[in-house]
Amino acid sequence: MASDIKRSISLYSYQDEYYDGVLDLEGCLRETAKTGTTGVELLAEQMIKKFPKPIEDEEFRAHWFEMLKKYNLTPSCYDAFLENRIYSNRTLSLGEQVNMMKRDLRLAGMLGFPVIRTLVSTPMDVIEGSLEYAEKVNVKIGLEVHAPFSLNSGWADGYMEMINRTGTKYFGFIPDMGIFCKNIPDVLRDKARRQGASEECLKIVDDAYAQRVAKGFVKIKYDLDLGKANMEYRMANGMKEMMDAVEKAGGGPADMMYAGTSFTYSWSDPQDIIDNIDYIFHTHAKFYNVHEDYVETAVAIPEVVEAYKKAGYTGFLSSEYEGGEHLRDVGVDSIEQCRRHQEALRRAIES
Amino acid sequence: MAARQIYNPDGFKNIAEDGKVTGFQFQFKAQYYRGITLSILHNISVNVDGEDFPREDISITVNGETFTLDQALTVVDSDYRWEFGEFAAITVKKEGGLAAGKHHIKSVQLIVPSYMPFPIEAVCETDFVIE
């Protein structure tokens, strides 16, 4: 089946090389281009020093567009952080938050990005208050749908109601493929082993995960108190029973780490993508470990990409490597991981 | 490939003012994936060889400016962010500084990104030598 799905890499993926000083912003763009991808996603606060000042500078922007031209890259998505608790004694007022969102929309547009990623913690009225401006600067707002959140859920319904009520074309979703994990990433399991986890406890956690996948995850509710919503979600998905079993099996800190972290992954039916395709502006193709044979051990890439193809998606699938955080005691190679992941995406898209 | 480096191995030293040793200094990188406005850095605790140091005796230097931890809570200027991948220098008051020889440090970074339901508590430990 022919498909117009485009590929991109989020520079988030190269964070370990950037942290070590092995790659700078241009180095990340160069590596991105080398994989054969055409899109680039940026976290301005990660790789643009003295954020947001340089983006206001014409010379900086000229250099940015020169680099994009040099490496044949198209801006896909700008990841914004609404720092609404920038002061420790209060949360920013609604007006202040809307102004911050407008700032990010403007900055994204100045760098050529058609979409900004906003986070689940962004209050609904901040999004609603920014829609007119988003239309004015022609930059869409995409809400990241990151585990434990999911589409076709009470949480997503709240946003659908807003979309329908306002008729906006400037707000939609950015699914993160961490919501399509069939397994717990092997790099996490191996890290737990290095830290002394027992095979018995790992099996309890893996079995519990397999059960959640088989039964279907109980979905999270809409609540601005994210800590509370998350805890209710975990309990509804059998966290207590699993933790008790791990404890009974003599689980230590490494086993507990593995058990707790298992709740940061989830499995949604890929049909959710097809059902919501009109509201999907961009996609974080989250991944954890792609082996030499181009198989991702946690995210069901072929199955999920198939759903995108069926839905007629024409946006970007943007590689977002997150396995590095489990390899920092032994060494990370994001460059090779991104190369493999792009190849896995290409095969799935073109097959 | 090697494990991630958190501390600058060349950053450990005693600090002198007017010929008197008043404390010690070390440098490390924020254990988070983006640069931060200093105001979301809520604490840095320091323990060397089992000794804790009071919060008011700890300050942070980024881009040539030094702030106490309380002052850092109100720093939102974009010139004074703790940039991703860059060392910040942490200065701790201690009369006479640290003795020459081997030491062990445990320092915890408390970073509070607005979107996270729980703060980041990054425990950073290493052995080091004061010449």
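Everything discussed here concerns the structure shown above.
All values derive from a computational prediction rather than experimental measurement.

Quick look at the interface of chain B and chain A now. One frequent convention defines the size of an interface as the accessible area lost when the parts assemble. Counting residues at the interface gives 25 residues for chain B, matched by 32 residues for chain A. The residue inventory of the side of chain B that touches chain A, partitioned by class, reads 12 nonpolar, seven polar and six charged.

Counting along an α-helix, one turn takes 3.6 residues, and residues three or four places apart therefore face a common direction. Residue and element names in this part refer to chain A. Every buried residue of helix 10 (residues 226-236) is listed here: Ala229, Tyr233 and Arg234. With its buried residues spanning 135° around the axis, helix 10 presents them on a single face. Facing away from the buried side of helix 10 by over 90 degrees, the exposed positions are Gly227, Lys228 and Met235. On its buried face, helix 10 is in contact with helix 11 (239-248). Directly after helix 10, the chain includes Gly238, whose backbone phi takes a positive value near 80°.

What holds strands together in a sheet is hydrogen bonding between their backbones, with the strands either parallel or antiparallel. Residues and elements named next belong to chain B. On the basis of which strands lie adjacent, the open sheet formed by five strands has the order 1-2-9-6-7 and antiparallel pairing. With partners counted over all chains shown, the strands left at the sheet margins are strand 1 (13-17) and strand 7 (65-68), one partner each. Strand-to-strand twist across the sheet, computed as the mean angle between neighbouring axes with direction ignored, equals 30°. Where strand 6 (residues 58-62) and strand 9 (residues 87-93) come together, four bridges link them in antiparallel fashion. Paired with Thr61 across the two strands is Ala89, which belongs to strand 9.

Here the focus is the pairing of strand 9 of chain B. In this structure, strand 2 (residues 20-29) of chain B lies alongside strand 9 of chain B, joined through seven bridges in antiparallel fashion. The residue bridging Lys29 of chain B from the neighbouring strand is Phe87 of chain B, located in strand 9 of chain B.

With omega at 0°, the peptide bond leading from Phe51 of chain A into Pro52 of chain A counts as cis. Structurally, Pro52 of chain A can be placed in the loop between helix 3 (44-47) and helix 4 (58-70). Of note, the phi angle at Asn72 of chain A is positive, near 55°, even though the residue is not glycine. When you line up the elements, Asn72 of chain A lands in the loop between helix 4 and strand 3 (74-79). Assessed through the 9 C-beta atoms surrounding it within 10 Å, Asn72 of chain A is described here as exposed. Its identity is not glycine, yet Asn63 of chain B carries a phi of approximately 45°, on the positive side. Secondary-structure assignment places Asn63 of chain B in the loop between strand 6 and strand 7. Looking at Asn63 of chain B, the number of C-beta atoms within 10 Å reads 14, which means it is partly exposed.

About the cut-offs
- Residues numbered from 1 in each chain as written.
- Chains lettered and ligands numbered in written order.
- Predicted model: local features only at pLDDT ≥ 70, side-chain atom pairs only at ≥ 80, totals over all residues.
- Contact = placed C-beta atoms within 7 Å.
- Nonpolar A, V, L, I, M, F, W, Y, C, P; charged D, E, K, R; others polar.
- Buried ≥ 20, exposed ≤ 12 C-beta atoms within 10 Å, placed from the backbone.
- Helix = DSSP H or I, 4+ residues; strand = E, 2+ residues; numbered from the N terminus.
- Arc of directions from axis to C-beta.
- Pairing = 2+ DSSP bridges.
- Axes fitted to C-alpha atoms, helices over the stretch in contact; angles between N-to-C directions.

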